[in-house]
Amino acid sequence: MRKTNHKGKDCIITIELGTNAVRIFAFDLKGALIGFSKGTYPTFHPQPDYSEQDPEQLFITMLYVLKNFLTEKIHSENYTVVTICFSASMHSVLPIDINGVPFGNAITWADNRGKNEANALKNTALGKKIYNATGTPIHPMSPLIKITWLKNNDKVNFKKTFKFLSIKSYIIQQLTGKYVIDHSIASATGLFNIHNMDWDPDALAYAGITADKLPDLVTVFHSPGKLRKEYQTSLGLSAQVKILTGSSDGCLAALGAGVWSEGKATITIEDSGAMRVVGKKVMQDEKERFFNYVLTADYFVSGGPTNNGGVIFEWLARQFGDFKNAYDIETCMEELINDATKVAAGADGLLFLPYLLGERAPIWNANARGCFFGINIKHEQKHFVRAAIEGILYEIYSIGKTIEEHRHIKTLSVNGSFATIPFCSQLIADIFNKPVGVSKNINSVSLGAFLLSATEMGIYKNLDAAAKSVVLEETFTPNKLNHALYKKYFEIFERLSSKFAEEFEAIANLQQENR
Amino acid sequence: MKEFLLQKGYDEELQQFAHITEFAVKKNSSVQLNSLNEDCTNNIRIYYIIDGKYEWNIRDKEYILYPGDLIIIQPGHKFGGQKGVMDRGTLCWIYVELEKASIPENILFGNWSCLPKKELSAIGKILKLSSSPVISKVKEVERILFAIRHELFHQQIAYITRVNQLIDEMFILIARKLSLQNNTQRDFPKSFLTLEEELRKNLSNQWTVEDMAALVGLGTTAFTEKVKNYSGFSPLNYLITIRISEAMRLLRRNDLNITDIALDTGFYSSQHFSTTFKKLTGYTPSNFRKKNISNEKD
């Protein structure tokens with residue numbers, strides 16, 4: 001066993017089980033970054049609407065990266081790990097049998113196989129009741145819908161299922177032997193009543209399960225137990241290391257962005273994106289456009305998600321980028337952004353609807369598709385590039401506008417690889433007409449997990465105090481003239497998005513038929 | 001090129017080449033019924049269009065072929081003219097026999113080839129994986145085919161070796177073109193996913209970095225760097241994570257013995273498996289199995 005150095009070189013490890021990679025960060029107790037490492041795992045699409053991951057591969061990738069990271073950055077520098085805190089993508093479902101053996105792969109948030117189940121429940125009285133109770137929109141992403149799909153389509157395994165886990169529950173069970181799910185991840189299942197912090201009887205009944213088919217509910221600060229002996233040995237960690245169940249990537253991104261009081265909102269754009277606010281009240285919406293997740297019993301993280309973030313710009317770069325000189329897609333995207341800066345705000349009248357992957361908030365239309373609108377004979381490639389970026393951000397703005405029907409927002413903070421591109425951050429400031437801060441620590445999820453752990457240790461009095469410690473590095477101030485212009489374009493954008501509803505459906509049906 | 005038809009068993013030019021079943025150039029000036037009905041063979045059939053326009057069905061998909069197109073029909077793949085006829089035009093073909101044992105899982109070339117086993121297996125894998133049977137605008141192949149004909153008809157010193165070398169050259173060219181066609185630099189994650197799926201399908205295979213790089217259409221150095229950047233792992237370490245995850249799944253089932261699991265997941269011995277597994281997971285395979293099957297309620 002390693003000697004522990006009690007002279008204060010303690011550190012906190014955060015493990016984020018993300019959509020396509022595990023990211024491991026280490027912070028000292030003051031929040032300074034010691035190092036980080038990542039390992040990717042693939043998402044499989046055995047059928048068009050399916051989106052799955054191999055739970056064993058996730059686990060082994062996490063172990064492998066963690067082990068190397070500990071050896072290279074932590075043990076060798078004589079740091080002592082005091083806490084390991086987990087975060088994960090929301091909405092995953094992994095059914096296991098009585099022995100803990102998964103029935104195949106985990107179903108991820110992006111899986112749409114439950115389309116029919118979602119349509120059957122949405123806009124019914126029961127659907128509304130469940131949405132109001134659980135805060136999770138009725139959508140194929142929701143585990144409520146996924147489990148219902150399994151009930152209807154995989155009867156044999158559904159009956160044999162001992163528990164329906166989330167990916168994080170599975171990983172934590174491997175490490176500690178306990179089946180747990182934290183309130184945050186639970187609040188994104190569509191099965192959890194966010195008002196009384198327990199499983200919702202209506203939702204459970206609809207999915208055809210009882211509460212014992214789910215992991216035990218715990219708070220985000222809960223420690224399920226010690227690392228199993230074998231992992232203590234192989235990882236070189238002592239039995240004293242505290243394992244924190246932690247939270248979801250969405251909630252932690254808000255905390256890590258320092259958005260923990262009224263008047264603030266955070267915009268996260270990676271491949272997909274979301275805009276979130278934090279408040280003490282649930283954001284009730286007649287039209288069921290928002291999610292309301294919980295971090296602790298006192299706080300709701302509310303907002304709307306988009307499918308069409310950086311992934312759309314990457315798509316554009318792949319089709320229209322210059323690959324002759326550029327070695328890879330990243331360089332290519334940089335060059336395209338350079339081109340876009342050469343075009344005036346508003347792309348000289350070219351508009352782009354970014355709904356290539358269908359859209360969630362605020363239009364919640366899986367049939368929505370992309371569109372360039374207003375093309376004239378003077379438009380060049382660079383206009384298309386700029387219009388695409390502007391269109392992705394108009395979509396975020398349309399989420400923001402609906403949030404502002406409920407909340408007053410004074411400042412924004414942005415994070416995620418796409419939103420933190422300076423050109424995009426400035427555009428967000430102009431479109432929203434609000435100052436935009438960029439987190440110093442670009443990975444807000446990990447910083448959020450650190451703040452959670454540090455609060456648990458008593459370093460911060462509470463999460464409010466922890467959130468206040470977040471330093472926003474750079475501020476982009478809005479350009480009034482550009483804002484006035486963007487506002488006019490946005491009005492057209494918004495009208496097109498709703499006017500096209502019938503055409504979206506017609507073209508999506510044709511695409512489906514002719515696949 | 002002048003018309004000719006060489007067939008194994010009939011023409012003495014092919015006597016020294018058990019692996020070439022047919023080699024021909026044909027100028028087709030009239031369309032005859034049933035001249036190209038759909039069939040499957042155990043050979044690999046390669047067509048090169050010199051002139052004309054051909055309408056063919058390959059694996060139930062319709063293709064229109066133009067001069068400069070190279071068509072590769074794999075063993076067991078259905079192929080024929082759309083109306084059962086050979087269209088007007090000129091084309092060259094060569095049929096090459098494969099190792100019997102290799103069909104249909106793999107494409108393995110016989111001992112006639114001058115290439116080392118490793119490279120042959122990589123070429124075979126690329127052929128198997130290719131999504132399209134057609135490569136467009138490959139003028140280079142015409143030179144190779146003409147040279148083969150020249151060697152066969154003139155039979156100068158060492159012509160046997162030369163013919164085999166030229167066939168090797170043709171397959172190298174095909175593999176390179178296919179691998180470029182299947183993998184654009186534009187979408188490494190997509191190529192990487194295809195590679196992952198292929199690795200999972202043949203996990204017991206002794207994969208080398210060269211094999212993997214070839215499948216993605218990159219040189220080993222660039223490949224290693226890209227994989228490292230993208231996944232955080234070196235190619236071989238990435239492969240180990242896949243092997244171990246599959247092993248974990250198999251260990252959870254009680255009906256397989258550990259040596260079989262080791263071999264199925266690509267470890268060369270149960271000892272090697274055991275060491276790697278323990279190093280990564282902290283458990284020996286048998287302890288892992290015990291822990292996960294008997295009493296989960298600890």
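For the structure, check the block above.
Reading guide: rules and limits
- Residues numbered from 1 in each chain as written.
- Chains lettered and ligands numbered in written order.
- Predicted model: local features only at pLDDT ≥ 70, side-chain atom pairs only at ≥ 80, totals over all residues.
- Heavy atoms only, no water.
- Helix = DSSP H or I, 4+ residues; strand = E, 2+ residues; numbered from the N terminus.
- Rg over C-alpha atoms; globule rule 2.2 N^0.38 Å.
- Contact = heavy atoms within 4.5 Å.
- Areas by Shrake-Rupley, 256 points an atom, 1.4 Å probe, with all protein chains shown as cover.
- Lys, Arg positive; Asp, Glu negative; His and termini not counted.
- Charge placed at Lys NZ, Arg CZ, Asp CG, Glu CD.
- Buried < 20%, exposed > 50% of the residue type's maximum accessible area, 1.4 Å probe, protein only.
- Salt bridge = Lys/Arg side-chain N within 4 Å of Asp/Glu carboxyl O.
- Polar contact = N/O pair within 3.5 Å; in protein donor to acceptor, adjacent residues only side chain to side chain.
- Axes fitted to C-alpha atoms, helices over the stretch in contact; angles between N-to-C directions.
- Parallel < 35°, antiparallel > 145°, perpendicular 65-115°, else oblique.
- Left-handed = near helix turned anticlockwise from the far one by under 90°.
- Pairing = 2+ DSSP bridges.

A. Structural view of the overall build of chain A. Assigned secondary structure in chain A consists of 18 helices and 22 strands. The globule rule puts the C-alpha radius of gyration for 515 residues at 24 Å, and the 23 Å found for chain A is close to it. Along the first, second and third principal axes, the C-alpha atoms of chain A reach 70 × 55 × 45 Å. Taking as baseline every contact in chain A between residues at least 6 positions apart, the subset at least 24 positions apart corresponds to 72%. Accessible surface, chain A: about 20000 Å² in total, of which carbon and sulfur atoms supply 52%. For chain A, the centre of its 54 positive side-chain charges and the centre of its 53 negative side-chain charges are spaced 5 Å apart.

B. Highlighting the side chain of D69 of chain B. Residue and element names in this part refer to chain B. Among the structural elements, D69 can be located in the loop between β5 (61-65) and β6 (70-73). The charged side chain of D69 is buried without a salt bridge, its nearest counter-charge being K137 at 8.0 Å. A polar contact of 2.9 Å, which involves the side chain of D69, links it to the backbone nitrogen of Y66. Of note is the side chain of D69, whose polar atom sits 3.4 Å from the side chain of S136. Residue contacts for D69: discarding those within four places in its chain leaves Y47, Y48, I49, I64, V134, I135, S136 and K137.

C. Structural context of the packing of helix α1 (residues 117-129) of chain B against helix α5 (residues 209-216) of chain B. Residues and elements named next belong to chain B. Across the interface, α1 lies against α5 with an axial gap of 9 Å and an inter-helix angle of 30 degrees. Relative to α5, the element α1 lies roughly parallel. α5 is crossed by α1, and the crossing has right-handed handedness. Together, K118, S121, A122, K125, I126 and L129 of α1 and E210, D211, A214 and L215 of α5 make up the contact between the two elements.

D. Fine view of the interface of chain B and chain A. With 35 residues of chain B at the contact, the number on the chain A side is 40 residues. Where chain B meets chain A, there are 3 salt bridges. The partner of E56 of chain A in a salt bridge is R252 of chain B, and the shortest N-O contact between them spans 2.8 Å. Linking chain B to chain A there are 12 residue pairs in polar contact (both at pLDDT 80 or more).

E. Region of the structure containing the sheet that holds strand β20 (residues 409-415) of chain A. All names here are of chain A. Strand order across the open sheet formed by 7 strands is β16-β17-β15-β14-β20-β21-β22, with mixed pairing between neighbours. The outermost strands of the open sheet, each flanked by one partner alone, are β16 (291-294) and β22 (472-476). Along the sheet, successive strands turn relative to each other by an average axial angle of 30 degrees, direction set aside. Pairing analysis gives 4 bridges linking β16 to strand β17 (residues 300-306), with the strands arranged antiparallel. Residue V294 lies in a different strand from β17, and its bridge partner there is F300. Docked against the sheet, helix α13 (residues 381-403) engages β14 (263-269), β15 (273-279), β17 and β20, running at close to 145 degrees with respect to β17.

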